[in-house]
Amino acid sequence: MSKDIHNQPIDKGHSLWSDAWLRLRKNKMAMVSMVILFIIGILCFILPAFSIIPDPNTQDLNNTFLPPSGDYPLGTDQSGRDLLARLLYGGQISLLVGIVATTVSVIIGLIYGAIAGYAGGKTDSLMMRIVDILYGLPFLVLVILFSLLISEHAKELTDALIGRWPDHAVFIKKFVNLVPLFIAIGALGWLTMARVARAQVMSLKKQEFVEAAVSLGLSHRRILMRHIMPNMLGPVIVYATLTVPGFVLTEATLSFLGLGVESPNSSWGILLSEGANYMETHPRLLIIPSITFSLTLLALNFLGDGLRDALDPKAAKD
Amino acid sequence: MIRTVISRLLQGIVVVFCLLLITFMLVRLMPGDPFSGEKAHAAHIIEKNKARFHLDKSNTEQFIVYLGLLARGELGDSPVKEQPVSKIIRHSFPASLVLGIAGMIIAILIGIPAGILSALKKNSYIDYSTMVIAMAGISIPSFVIAPLLAGQVATRIPFLKVAGWGDPLDWLLPALTLGLATAAYLARITRGGMLEVLNQDYIRTAHAKGVHPAVVVTKHAIRGGIIPAIAYIGPAFAMLITGSFIIETIFQVPGMGQHFVNATKDRDYFLLQGVVILFGTLIVFANLAADIVLAMLNPRIRA
């Protein structure tokens with residue numbers, strides 16, 4: 001025990017991250033949200049791996065619209081499919097779209113914004129004018145057009161992949177069909193991230209440690225990657241977290257309109273749109289997915305807000 | 001000021017042109033065409049139809065022909081609906097506009113007072129509960145609220161209909177659904193803006209001079225605190241008009257939303273282009289209007 005004491009530094013100091021963690025822990029809503037998201041994540045991604053949950057696509061026309069019971073914890077839907085299974089598998093897709101599309105948009109936005117901010121001058125104003133123009137375009141309109149366009153090529157890709165690995169046909173069909181959505185949402189949703197990244201680079205560029213790196217004669221690439229990028233992590237994480245719920249919502253909107261995830265795949269958007277058809281006779285089919293979906297978005301938004309207050313105290317509005 | 005407006009208008013034309021170009025290319029890159037739908041015609045009829053809409057020409061030629069149409073103030077005919085696009089838009093736009101205006105009014109009436117109240121009672125239970133409700137309003141999508149309102153509320157209140165667009169009472173539920181999310185955003189933005197102003201020296205001075213607290217708020221604080229909210233209202237209004245197609249579908253409002261979705265599905269090139277031009281123009285003007293109002297309210301931006 002005494003050994004431990006000697007090995008420990010006297011004062012560990014407070015890094016940005018430990019300070020942020022302390023601030024985040026004080027934010028009750030953010031902590032509750034984190035727990036809720038953790039539970040939803042485990043339920044959606046880990047539970048279906050064990051065979052307790054029935055297949056979400058097995059139809060049983062003798063058992064449609066069953067109320068919740070021992071066999072069907074949340075009852076069955078209009079085709080006799082287990083609602084709990086559909087909810088969990090649908091959650092996988094919805095969350096996956098949110099996370100993957102956010103990753104795509106963060107990568108594009110970060111690189112674009114960092115280059116614009118670092119280059120400055122005419123390059124910067126040209127690049128940001130392009131962002132301004134893209135901002136003026138209706139997001140949902142373009143996502144719909146873009147995803148329809150890529151989905152044709154995705155079908156070819158699916159066929160090619162299934163021809164190569166026929167054993168994994170189900171898995172391939174499930175995920176390759178989602179690729180157009182990932183790309184369309186991510187490729188059009190990076191604008192805010194680009195603005196955030198640019199602003200961040202512009203303010204970092206003027207600081208002494210970057211000037212020191214420049215006077216040492218380091219290459220632009222090295223300055224950007226080693227000295228500027230690591231210092232941008234805070235705001236980037238914050239805006240990424242705030243982007244996820246928006247993209248999950250976009251997926252649900254598209255699927256609700258019949259332009260997103262295609263059945264028999266389920267997603268929360270599909271469950272909501274199917275549930276809306278039976279809202280008068282079987283409100284359960286609408287209300288259960290609604291609660292799950294809204295709770296997830298609420299938790300993501302609260303967590304994003306909490307992270308912003310914790311990591312980026314200057315941007316906090318109170 | 002006038003110079004800024006003119007340069008912004010020119011920039012707006014560029015935005016709408018880019019939007020048109022992108023839409024024009026994307027719809028033509030998509031598989032299928034307006035005549036490949038359910039109505040399977042003989043090959044020679046399809047050829048004739050394509051020739052009628054210049055679809056047999058190259059994309060560049062088509063674009064030039066289309067620009068010529070626009071220059072004459074026309075939007076072309078819809079190959080699927082066999083009607084002039086301008087006529088379809090004239091018949092459906094009023095409903096979307098009314099819905100958007102009603103939604104915006106509801107959003108302003110709920111959002112701004114809630115935000116001001118929240119800021120004045122900072123860190124009280126009123127503040128916390130308002131902000132939690134606002135977050136819920138942002139998180140719960142309209143296509144969850146809309147069916148619940150239609151199925152659970154409208155069926156229980158005798159004078160409300162589940163769907164339809166006959167008399168102004170029918171506007172209430174769709175407008176409420178549309179306005180709630182915007183109200184929630186407005187509440188959060190107004191609160192942030194008010195809090196910033198309430199910490200300023202001139203507010204403290206006014207209090208120190210013994211000005212009545214109510215007058216300090218109404219005469220001094222709100223004028224500055226509401227600026228971020230107004231900056232948001234312009235673009236939000238355009239979003240309400242262009243983004244209401246889900247609500248229009250659920251409540252069966254005869255607006256533009258259905259045309260937009262169907263035109264995308266049917267590859268109705270001309271209708272889609274017409275709708276996109278209208279949407280883009282609306283967004284440009286809404287942003288411009290917001291900037292002009294902001295410049296009038298805040299002398300520092302005016303320059």
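Secondary structure assignment for chain B yields 14 helices and two strands. With the C-alpha coordinates of chain B rotated into their principal frame, the extents come out at 85 × 55 × 30 Å. Across the 303 residues in chain B, those meeting the buried criterion constitute 39%. Nonlocal contacts in chain B, meaning residues at least 24 apart in sequence, comprise 75% of its contacts between residues at least 6 apart.

This part is about the overall build of chain A. Assigned secondary structure in chain A consists of 13 helices and zero strands. Its helices and strands taken in sequence order, chain A reads α-α-α-α-α-α-α-α-α-α-α-α-α from the N to the C terminus. Along the longest, intermediate and shortest principal axes, the C-alpha atoms of chain A span 75 × 60 × 45 Å. Taken across its 318 residues, chain A has 41% of its residues classed as buried. For chain A, the share of sequence-separated contacts (at least 6 apart) that also reach a separation of at least 24 residues comes to 69%.

Moving on: the nonpolar core. Counting residues in each nonpolar core, the largest one holds 151 residues, and the members touching the most others are V97(A), I185(A), L272(A) and V275(B). Broken down by element, this core gets its largest block of residues, 17 residues, from helix α4 (residues 83-119) of chain A. Apart from the residues lying within four places of it in its own chain, the contact partners of L272(A) are A252(A), F256(A), L286(A), P289(A), S290(A), F293(A), F143(B) and V144(B).

Time to look at the interface of chain A and chain B. If you look at the interface, chain A gives 33 residues, while chain B gives 36 residues. Elements with a contribution of two residues or more to the side of chain A that touches chain B: α6 (139-164), α11 (220-256), α12 (268-277) and α13 (284-311) of chain A.

Quick look at helix α10 (residues 227-242) of chain B now. One turn of the α-helix equals 3.6 residues, which is why residues spaced by three or four share an orientation. Residues and elements named next belong to chain B. The end-to-end C-alpha distance of α10 is 24 Å, a good match for the 22 Å that 16 residues give at a rise of 1.5 Å each. At G234, α10 shows its maximal kink, close to 30°; a proline, P235, follows between one and four residues later. Where burial is concerned, most of α10 is hidden: 13 out of the 16 residues are buried.

We now examine the confidence of the model for chain B. Residue and element names in this part refer to chain B. When the pLDDT values of chain B are averaged, the result is 83; 96% of them are 70 or greater. Within chain B, helix α14 (residues 299-302) has the poorest average pLDDT of any element, 59, and helix α4 (residues 85-120) the best, 92. Here the predicted complex carries an ipTM of 0.73, next to a pTM of 0.78.

M256(B), G257(B), H259(B), F260(B), A263(B), T264(B) and D266(B) are the residues of helix α12 (residues 256-266) of chain B that are buried. Buried residues along α12(B) sit against α6 of chain A together with α4, α11 (245-250) and α13 (269-297) of chain B. Following α12(B) by one or two positions, R267(B) has its phi on the positive side, about 55°.

What follows is about the environment of V80(B). All names here are of chain B. Note on placement: V80 falls in the loop between β1 (77-78) and β2 (83-84). In this structure the C-alpha to C-alpha distance between V80 and G179, which are 99 residues apart in sequence, comes to 33 Å. Each residue touching V80, except ones within four places of it in the same chain, is listed here: P34, D266 and D268.

Overall, the predicted model of chain A reaches an average pLDDT of 81, with 91% of residues at or above 70. Helix α3 (residues 28-45) of chain A holds the highest mean pLDDT among the elements of chain A, 90, whereas helix α1 (residues 2-7) of chain A holds the lowest, 56.

The next point concerns unusual backbone geometry. Residues and elements named next belong to chain B. Within the chain, N123 stands out as a residue other than glycine whose phi angle is a positive 60°. Position of N123 relative to the elements: it lies in the loop between α4 and α5 (125-139). The residue R267 is not glycine, and still its phi comes out positive at about 55°. Of note, R267 is situated in the loop between α12 and α13. Looking at R267, the number of C-beta atoms within 10 Å reads 21, which means it is buried.

Residues and elements named next belong to chain B. Relative orientation of the contacting elements α12 and α13 amounts to 135°, with a least axis distance of 9 Å. It follows from the interaxial angle that α12 and α13 lie oblique. As for the relative orientation of α12 and α13, their crossing is left-handed in sense. The segment α12 lies against α13, with M256, H259, F260, A263 and T264 engaging L271, L272 and V275. Grouping the constituent residues of the contact of α12 with α13 by class yields six nonpolar, two polar and no charged.

So, about the packing of α4(A) against α11(A). All names here are of chain A. Contact geometry of α4 with α11 gives a least axis separation of 7 Å together with a crossing angle of 140°. The orientation of α4 relative to α11 falls into the category oblique. Considering only the axes of α4 and α11, their crossing is right-handed. Residue-level contacts link S94, L95, V97, G98, I99, A101, T102, S105, V106, L110, A114 and Y118 of α4 to L224, I228, V236, A240, T243, V244, F247, V248, E251 and A252 of α11. The class makeup of the residues in the contact of α4 with α11 is 16 nonpolar, five polar and one charged.

Cut-offs used in this document
- Residues numbered from 1 in each chain as written.
- Chains lettered and ligands numbered in written order.
- Predicted model: local features only at pLDDT ≥ 70, side-chain atom pairs only at ≥ 80, totals over all residues.
- Helix = DSSP H or I, 4+ residues; strand = E, 2+ residues; numbered from the N terminus.
- Buried ≥ 20, exposed ≤ 12 C-beta atoms within 10 Å, placed from the backbone.
- Contact = placed C-beta atoms within 7 Å.
- Core = buried A, V, L, I, M, F, W, Y, C linked by C-beta atoms within 7 Å.
- Expected span 1.5 Å × (residues − 1).
- Bend = angle between axes of the 7 residues up to and from the residue.
- pLDDT = per-residue confidence, 0-100.
- Axes fitted to C-alpha atoms, helices over the stretch in contact; angles between N-to-C directions.
- Parallel < 35°, antiparallel > 145°, perpendicular 65-115°, else oblique.
- Left-handed = near helix turned anticlockwise from the far one by under 90°.
- Nonpolar A, V, L, I, M, F, W, Y, C, P; charged D, E, K, R; others polar.

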